[in-house]
Amino acid sequence: MQSTNARDKRADVRRECRTILALEDGRAGQRLRATACNYSKGGLFIQADQPLWPGVEFRIKTDAVSVTGNASDCAATVRWCKAIRTPGLAMTYIAGLQFCSSKRSFRPAFKFRV
């Protein structure tokens, strides 16, 4: 019998991290900061103070990560975004981003320890 748990269907192993990112949408001129919470070969799970719209492509930049091929940035597309309401705090958004090229992978400078 096959599992229906979404985590079991992931194509790549996820690794936890806590890395600050700069996201740039060149078409709209939008720049925002986000925190990478976990990553895999195929994408990122991030937390941000602003909503991200599915389908928008961002350049991801940070000094704290390296990208395969020694590049300093990479591109990813927003797949989904969800608002999280926490009592007494500002609205927070979580989102899943998929890397635009399978040849690049995210490597945080350090791993976040729970």
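Residues numbered from 1 in each chain as written. Predicted model: local features only at pLDDT ≥ 70, side-chain atom pairs only at ≥ 80, totals over all residues. Heavy atoms only, no water.

Concerning the pattern of salt bridges
For step 1, the next point in the chain: Per the counting criterion, the structure on display carries two salt bridges.
For step 2, the next point in the chain: A salt bridge links Arg31 to Glu24, with the shortest nitrogen-to-oxygen separation between them at 2.8 Å.
For step 3, the next point in the chain: By relative accessible area, Arg31 is classed as exposed at 61%. (Salt bridge = Lys/Arg side-chain N within 4 Å of Asp/Glu carboxyl O. Buried < 20%, exposed > 50% of the residue type's maximum accessible area, 1.4 Å probe, protein only.)

A short note on the pairing of strand E4 (residues 57-61)
For step 1, the next point in the chain: Side chains of E4 alternate between two faces, with Phe58 and Ile60 buried and Glu57, Arg59 and Lys61 left unburied.
For step 2, the next point in the chain: Bridge analysis of strand E1 (residues 15-25) against E4 gives three bridges, and the strand direction is antiparallel. Considered in E4, the bridge of Glu24 is made with Arg59. (Helix = DSSP H or I, 4+ residues; strand = E, 2+ residues; numbered from the N terminus. Pairing = 2+ DSSP bridges.)

Remarks on the nonpolar core
For step 1, the next point in the chain: Grouped together as the largest cluster of nonpolar side chains are 20 residues, with contacts concentrated most on Leu23, Leu44, Ile46, Leu52, Ile60 and Leu97.
For step 2, the next point in the chain: Elements with a minimum of two residues in this core: E1, strand E2 (30-39), strand E3 (43-48), E4, strand E6 (73-84) and strand E7 (92-99).
For step 3, the next point in the chain: Of all the elements, E2 adds the most residues to this core, at four residues. (Core = buried A, V, L, I, M, F, W, Y, C linked by side-chain atoms within 4.5 Å.)

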